[in-house]
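Close look at the chain arrangement
Given next are the chains, with one letter for each unit.
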Amino acid sequence: RCGLPRAMGCCDGPCNRTSKILGGTACCFVLVGVALLLVAGNVGAPEFDAEVEDKSDFTVEISDPDCGKYIYARATTDCLAVFEGLTMTDPEGDRFTAWEGFSPSCELATMPDSWEANQDPELRMITTLYPMYYLDWITGTYRIESSVAPLWVVDMCEAGP
């Protein structure tokens, strides 16, 4: 009559034991699916904030020798040009420019669901600043200047590897 096997028990009045088991199993699969969707929706990009946003001349504090800074610019900028337009001054007043105390990170691809890709505007890593200069740990206030584009800075220990 209804096109389903008689053992399903869906055509003749109340559901039988088989249909109850299958219905319960289906509900469990739906609940597992909803739970997975909720977890997947919360996994995405990591949650942390830039300590400097959209600035070309600023200072950052490095108090832990194990925690440097990631330096970003808009994803649409010429990474190498931004890198070569950077000047940094360490806490002792020594200035250094691109290639003297740091190297570019321009070859690193931005992952589609990364922190950088989820920013507005989308960012890309330009370089990193470590408090080590010629094998000497120098913590304190660093001045960063960019003659090419505004920058964003994130603490390495907050962002993770």
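Residues numbered from 1 in each chain as written. Predicted model: local features only at pLDDT ≥ 70, side-chain atom pairs only at ≥ 80, totals over all residues. Heavy atoms only, no water.

Focus on the side chain of aspartate 155
Structurally, aspartate 155 is set in strand E10 (residues 151-155). A distance of 3.0 Å separates a polar atom in the side chain of aspartate 155 from a polar atom in the side chain of lysine 69. Separated by 3.2 Å, the side chain of aspartate 155 and the backbone nitrogen of glutamate 158 make a polar contact. (Helix = DSSP H or I, 4+ residues; strand = E, 2+ residues; numbered from the N terminus. Polar contact = N/O pair within 3.5 Å; in protein donor to acceptor, adjacent residues only side chain to side chain.)

A look at the pattern of salt bridges
For the structure on display, the rule yields 6 salt bridges. Of the charged contacts in the structure, one is a salt bridge between arginine 74 and aspartate 54, with a shortest N-O distance of 3.5 Å. Of the two residues, arginine 74 is situated in strand E3 (residues 69-74) and aspartate 54 in strand E1 (residues 52-55); the sequence distance between them amounts to 20 residues. Assessed through its relative accessible area of 28%, arginine 74 is described here as partly exposed. The network of salt bridges with shared partners includes Asp57, Arg95, Arg143 and Glu145. (Salt bridge = Lys/Arg side-chain N within 4 Å of Asp/Glu carboxyl O. Buried < 20%, exposed > 50% of the residue type's maximum accessible area, 1.4 Å probe, protein only.)

Focus: a nonpolar patch on the surface
Together, Tyr130, Met132 and Trp137 give the surface a local cluster of nonpolar side chains, amounting to about 340 Å² of exposed area. Note on placement: tryptophan 137 falls in strand E8 (residues 136-137). Assessed through its relative accessible area of 48%, tryptophan 137 is described here as partly exposed. (Patch = residues over 30% accessible without salt bridge, like charges linked within 9 Å, V, L, I, M, F, W, Y side chains within 5 Å. Areas by Shrake-Rupley, 256 points an atom, 1.4 Å probe, with all protein chains shown as cover.)

Section: the state of the cysteines
Within this structure, the stated rule accounts for 2 disulfides. For cysteine 67, the disulfide goes to cysteine 157, at an S-S distance of 1.6 Å. Across the S-S bond linking cysteine 67 and cysteine 157, the dihedral sits near -90 degrees, which makes this disulfide left-handed. Of this pair, cysteine 67 sits in the loop between strand E2 (57-62) and E3 while cysteine 157 sits in helix H3 (residues 156-159), and the two are 90 residues apart along the sequence. Residue classification places cysteine 67 among the buried positions, given a relative accessible area of 7%. Through a disulfide, cysteine 79 is tied to cysteine 106; the S-S separation comes to 2.0 Å. Its S-S torsion of approximately -85 degrees makes the covalent link between cysteine 79 and cysteine 106 left-handed. Pair noted here: cysteine 79 is in helix H2 (residues 79-84) and cysteine 106 is in the loop between strand E5 (95-97) and strand E6 (123-129), with a separation of 27 residues, a long-range link. Owing to a relative accessible area of 5%, cysteine 79 belongs among the buried residues under this scheme. (Disulfide = S-S within 2.5 Å.)

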